Amino acid sequence: MPVNRTCWNCGARTDDDHRVRCDCGEPLWLATDPEAVPGEWPASIESMWDALPLLGVEAPTPPPGVSTAAGGTPLVRADSLDTEGVAVHVKLEGLNPTGSFKDRGTAFGVAAALEAGETRIGTVSHGNMAESVAAHAAATGMDCTVLVPADIADSRLAAIGRYDPRLVRVDGDYGRLYYDALEVGREAGVRFLNSDVPWRVAGQATTAIETLAQFGRGEGEFPDALVIPVSSGGHASATWQAVRTLTAAGLLDEPPKLCFVQAAACAPIAEAFARGDDTVTPAEGGETIAYSIANADPPSGNRALAAARATDGAVVGVDDDAIKRAGEQFAGAGLAVEPSSATTLAAIERLRSDGVLDAGDEVALVATGRGFGDDGVAVETERIDRSALGTLFDAAPGAEGA
Ligand SMILES: *Cc1c(COP(=O)(O)O)cnc(C)c1O
Ligand SMILES: [Zn+2]
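Residues numbered from 1 in each chain as written. Chains lettered and ligands numbered in written order. Predicted model: local features only at pLDDT ≥ 70, side-chain atom pairs only at ≥ 80, totals over all residues. Heavy atoms only, no water.

- As recorded by an unreviewed UniProt entry, the protein chain carries the name Pyridoxal-phosphate dependent enzyme and is attributed to Halolamina litorea.

Next up, the structure:
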């Protein structure tokens, strides 16, 4: 399946199906053709494959199984989360097969690899992307190599290991490994589905397409902004690719503001945005509870920065206390989300005070991943003997009035 790919930065084009970075140093993405986009929003979306035609790329057919189930997640109006006059909708990416939006990019990548007759894939991740790639490989019988840091936590190993990939602990600079793996994989014929490779970006563009389609319900109403946690910049880039194409195809009058959120402790893109820089400088990389978005040297950082600027959006950082509070607010709305996803709600105040959002705006927060349950939530319990169960509700709040 020959696919043209282009560079967002210098406009270079290539037909080489295995090129993922441009000579200018920036990531490539698949060429989109707005003329190939259907003239109407889809009436219903059961999976990402119903949204993908709106990206105008040459799309592969998913293999049967888990890849067909990626996407098609609900967009819910959560009025208890409204903040400073901003109406909140939440895209529940935790409902993907392995619990995050990564399944969208993995499904596209696996389908493209199989169509090209390839049998070996890999990734550099110890988080959601590793789980996703290992799961899709297991389901399709593909050979899968996952490169993890040497000091990976046992709980992460177990989450990934259940799909039985080849797990390799790598000593040394884990950040540089992203580039090394792409190179080694290319030479060995192993397709590395890293965070911002063109196939992953194309699949992950469906998050935004679905969100806009679900919000609009064919009536031409769209959110004022999409708020998305950002780490590598892959999902942010994908969102930009989607709204650019939809605007060029005439399905959107103008793109919504793209607002990206990082954890303040590791926020290289937000810092570059605040400084007015065009390129991202690697951060020191401090600790944060938002473990899925702590990339100190994001490979698509410059592209995410450009996306925020081009759409009058912003990139902001939020601290761990605010992330924790936002996680509790999500839970209060019945939604378990990762701390990385909770950043989106925490960012609204800042986006309001910076003048990016106004009272009366409608925003879609992309809750990128489900909460694991061990997200540092302080839980209080009571304890009684079974023989005392009869007294359980004697002093319960509201017992008298009920
Ligand atoms: C991967 C991930 C992100 C960050 O996405 P990027 O494409 O790397 O910017 C955010 N939230 C969750 C839950 C993730 O798994
Ligand atoms: Zn280029």
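Read on for the rest.
## Let's talk about the site of ligand 1
Here is step 1 of the chain: Taken together, 15 residues surround ligand 1, and among them Lys102, Asn128, Ser231, Ser232 and Thr368 come closest.
Here is step 2 of the chain: Lys102 places a side-chain nitrogen or oxygen 2.8 Å from an oxygen atom of ligand 1.
Here is step 3 of the chain: In the environment of ligand 1, an oxygen atom lies 2.7 Å from a nitrogen or oxygen atom belonging to the side chain of Ser232.
Here is step 4 of the chain: For ligand 1, the protein covers 96% of the area, taking 380 Å² as the surface of the free molecule.
Here is step 5 of the chain: Residues that form the shell around ligand 1 fall into these classes: three nonpolar, 10 polar and two charged. (Near = heavy atom within 4 Å. Polar contact = N/O pair within 3.5 Å; in protein donor to acceptor, adjacent residues only side chain to side chain. Areas by Shrake-Rupley, 256 points an atom, 1.4 Å probe, with all protein chains shown as cover. Nonpolar A, V, L, I, M, F, W, Y, C, P; charged D, E, K, R; others polar.)

## Details of the sheet that holds strand E3 (residues 28-30)
Here is step 1 of the chain: Strand order in the open sheet made by the three strands is E2-E1-E3, with antiparallel pairing throughout. Both edges of this open sheet fall to strand E2 (13-14) and E3, since each of them pairs with a single strand only. (Pairing = 2+ DSSP bridges. Helix = DSSP H or I, 4+ residues; strand = E, 2+ residues; numbered from the N terminus.)

## Examining the packing of helix H3 (residues 128-140) against helix H4 (residues 154-161)
Here is step 1 of the chain: One way to put it is that H3 packs onto H4 with a least axis distance of 8 Å and a crossing angle of 25°. By the criterion of interaxial angle, the relationship of H3 to H4 is roughly parallel. Classified by chirality, the crossing of H4 by H3 is right-handed. Contacts between H3 and H4 pair Asn128, Ala130, Glu131 and Ala134 from the former with Arg156, Ala159 and Ile160 from the latter.
Here is step 2 of the chain: Along the lines of polarity and charge, the residues of the contact of H3 with H4 split into four nonpolar, one polar and two charged. (Axes fitted to C-alpha atoms, helices over the stretch in contact; angles between N-to-C directions. Parallel < 35°, antiparallel > 145°, perpendicular 65-115°, else oblique. Left-handed = near helix turned anticlockwise from the far one by under 90°. Contact = heavy atoms within 4.5 Å.)

## Here's the deal with the side chain of Arg303
Here is step 1 of the chain: Positionally, Arg303 belongs in helix H10 (residues 301-310).
Here is step 2 of the chain: Lacking a salt bridge, the buried Arg303 has Asp196 as its closest oppositely charged neighbour, with an N-O distance of 4.3 Å.
Here is step 3 of the chain: There is a polar contact of 3.0 Å between the side chain of Arg303 and the side chain of Ser300.
Here is step 4 of the chain: Not counting the four nearest positions on each side in its chain, Arg303 is found in contact with Trp8, Glu26, Pro27, Leu28, Trp29, Asp196, Val201, Ser237 and Trp240. (Buried < 20%, exposed > 50% of the residue type's maximum accessible area, 1.4 Å probe, protein only. Lys, Arg positive; Asp, Glu negative; His and termini not counted. Salt bridge = Lys/Arg side-chain N within 4 Å of Asp/Glu carboxyl O.)

## What to know about the coordination of the zinc ion (ligand 2)
Here is step 1 of the chain: Cys7 (SG), Cys10 (SG), Cys22 (SG) and Cys24 (SG) make up the full set of protein donors to the zinc ion (ligand 2), lying at 2.3 Å.
Here is step 2 of the chain: What the four donor atoms of the zinc ion (ligand 2) show is an angle range of 102 to 123° at the metal, which sorts the shape as tetrahedral.
Here is step 3 of the chain: Mapping the donors of the zinc ion (ligand 2) onto the primary sequence gives the spacing C-x2-C-x11-C-x1-C.
Here is step 4 of the chain: On the accessibility criterion, Cys10 (45% relative accessible area) is partly exposed. (Donors = N, O, S within 2.8 Å, 3.2 Å for Na, K, Ca; no water. Tetrahedral: all angles 85-135°; square planar, octahedral: opposite > 155°, others 65-115°.)

## Points about helix H8 (residues 234-248)
Here is step 1 of the chain: Taking 1.5 Å of rise per residue, 15 residues should cover 21 Å, and H8 covers 21 Å from first to last C-alpha, within 8% of that figure.
Here is step 2 of the chain: Of all the 15 residues making up H8, 12 are buried; the element is thus mostly covered by neighbouring parts of the structure.
Here is step 3 of the chain: Every buried residue belonging to H8 is among Gly234, His235, Ala236, Ser237, Ala238, Thr239, Trp240, Gln241, Ala242, Val243, Thr245 and Leu246, and all of these are buried.
Here is step 4 of the chain: Directly after H8, the chain includes Gly250, whose backbone phi takes a positive value near 85°. (Expected span 1.5 Å × (residues − 1).)

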